[in-house]
Each structure stands twice: as C-alpha cells, then as structure tokens.
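Take a look at the letters that make up each chain.
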Amino acid sequence: MRVIVRRLILASGILALCSGCGRSIHADLPSGQEAYALFPEPSEAAELSTYRIGPLDVLKVTVFREPDLSFDNLQVDAAGNLSYPLLGTIRAQGKTAIEISDEIARRLGQKYLVDPQVSVTVAASISQRVTVEGDVTTPGVYEINGTSTLLEALAQAKSPTDVAKLDQIVVFRRVDGKRMGAVFNLNDIREGRAPDPEIRGGDVIVVGYSAIKGGLRDFLRSAPILGLFRYF
C-alpha cells in the first residue's frame, strides 16, 4: 500500500510541477488583434506594395512610350542585382517593386528621359525560405513562393506535435533592420475564429512546448515501468 501511495505522490508531483508552466513564455510579445496588426492575413493589394524582391525573381519593367526600355522578363541575379540597359546594375534584393520603379525613373530622368513613367511588377516570384522550429514533426527550413500563410508553413513541417502548445505559435520577422514578433493561437485559426496570418520569405516560426502535455505523456509512458496501474 505504501508503494502505491509513493507512486501516486510522484505522479501528483509531476503534474503540480507542470501546472506552473502553463503561462506564456512570450508574454512580452503582442497577441490577438495587436498580433494581426503586425502580421495580417494575406491581401493582394498589400502583397503588391510590401513584397520584397529576392534573388532570381523575374520582373516586368514598363517605361511608358519607350518600348526599347521595357522588358517582360528581367531576372534578378543570385546576388540580388538587376542589370538594366543604360543604367547598369541596380540593387533589387530587399526592395519593393514600387521602390525599384522609382529608382529606374529617377536614374533615367537624370540623363536620358524627361519625366519618365515607369512601372515594375513581379512577373515570377522564385522560392524563398521560411524557418519552422520548436514542437513540430519535422523542423527545418522550407521554401515558399512569394507569400504563404501560417497554416501552410506548419503543414510543410508536418504540423505541430501532440505536446505542442497551440496557443503559443510565435512568428518573427525582420522589418527595416528590426526584429519583431507576435503570438498566435493555432486552435482559433484552425476553427475559423481568427484569420490565418500571412507568412513571408525570411520569417521564423516557433511552436511552443506544453509542459503539461509533455509531463502527462512522459508519465503515462513510464507508468508501466513504475508498475503503477497493476494495483488498480
């Protein structure tokens, strides 16, 4: 009888220890509406204005009434540079299509054209990378085409494990040289109670670990070894 009591005390001690681990380890990061203000769901208009060009992306450049300076397929090289006639090398990586069009117009206007009207669009977005780590089945670095969503990125990592803390999914992104992050609740997203936020190339997703779930799992796995249940 005393053996059973000791084992029950051990089990309750494990659960009591885990119960203090339920609080968020990212309490300093925004969540809820504040998180979606930083990481909104995908929007075609927002994508066009915020998408950052990467190596090997293909751009369409149109200069109004200048067919010799307009191109349907100009590819950014592996170093992130764009080679453009008359202007030479233009740094493209990390810039938006609007920023590239403004730079081409400015440089053409300095020497060659009067008030040039330039439009740049992304004709093809070559794969970019997102990092998924923490309590997922297969952590790693995965390729996405242009933009993706949190659910899509987690699916590439074969989803969170059975001990993941689904209300502690953290997304990190570097914007203007500063790192920002926010916390999302995967259950709410899966059940349609919250939007599925946009994921971009360079983002890092960290899936939290539930100490309570992990403690219960480890205890149940060790229970046959402890011989706890043979007394019931």
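As the structure is a prediction and not an experimental result, all values here were calculated from the model. (Residues numbered from 1 in each chain as written. Predicted model: local features only at pLDDT ≥ 70, side-chain atom pairs only at ≥ 80, totals over all residues. Heavy atoms only, no water.)

Draft legend 1. Quick look at the environment of Ser 70. Positionally, Ser 70 belongs in the loop between strand 1 (58–63) and strand 2 (71–75). Along the primary structure Ser 70 and Val 120 are separated by 50 residues, whereas in three dimensions their C-alpha atoms are 9.7 Å apart. Only 3.0 Å separates the side chain of Ser 70 from the backbone oxygen of Glu 66, close enough to count as a polar contact. (Helix = DSSP H or I, 4+ residues; strand = E, 2+ residues; numbered from the N terminus. Polar contact = N/O pair within 3.5 Å; in protein donor to acceptor, adjacent residues only side chain to side chain.)

Draft legend 2. Quick peek at the sheet that holds strand 6 (residues 127–134). The five strands lie next to each other as 7-6-12-9-10, forming an open sheet whose pairing is mixed. Only two strands of the sheet have a single neighbouring strand rather than two, namely strand 7 (140–145) and strand 10 (178–184). For this sheet, the mean angle separating the axes of adjacent strands, direction not counted, is 25°. Alignment of strand 6 against strand 12 (residues 204–209), held across four bridges, turns out to be parallel. Each residue of the ladder has a partner; that of Val 132, found in strand 12, is Ile 205. (Pairing = 2+ DSSP bridges. Axes fitted to C-alpha atoms, helices over the stretch in contact; angles between N-to-C directions.)

Draft legend 3. Looking closely at the sheet that holds strand 1. With antiparallel pairing, three strands are arranged side by side in an open sheet as 2-1-5. Across the chains shown, the open sheet's two edge strands, defined by having one partner strand only, are strand 2 and strand 5 (118–124). Strand-to-strand twist of the sheet, defined as the mean angle between neighbouring strand axes without regard to direction, takes the value 30°. Strand direction decides the pairing type here: strand 1 and strand 2, joined by three bridges, are antiparallel. Bridge assignment links Val 58 to a residue of strand 2, and that residue is Gln 75.

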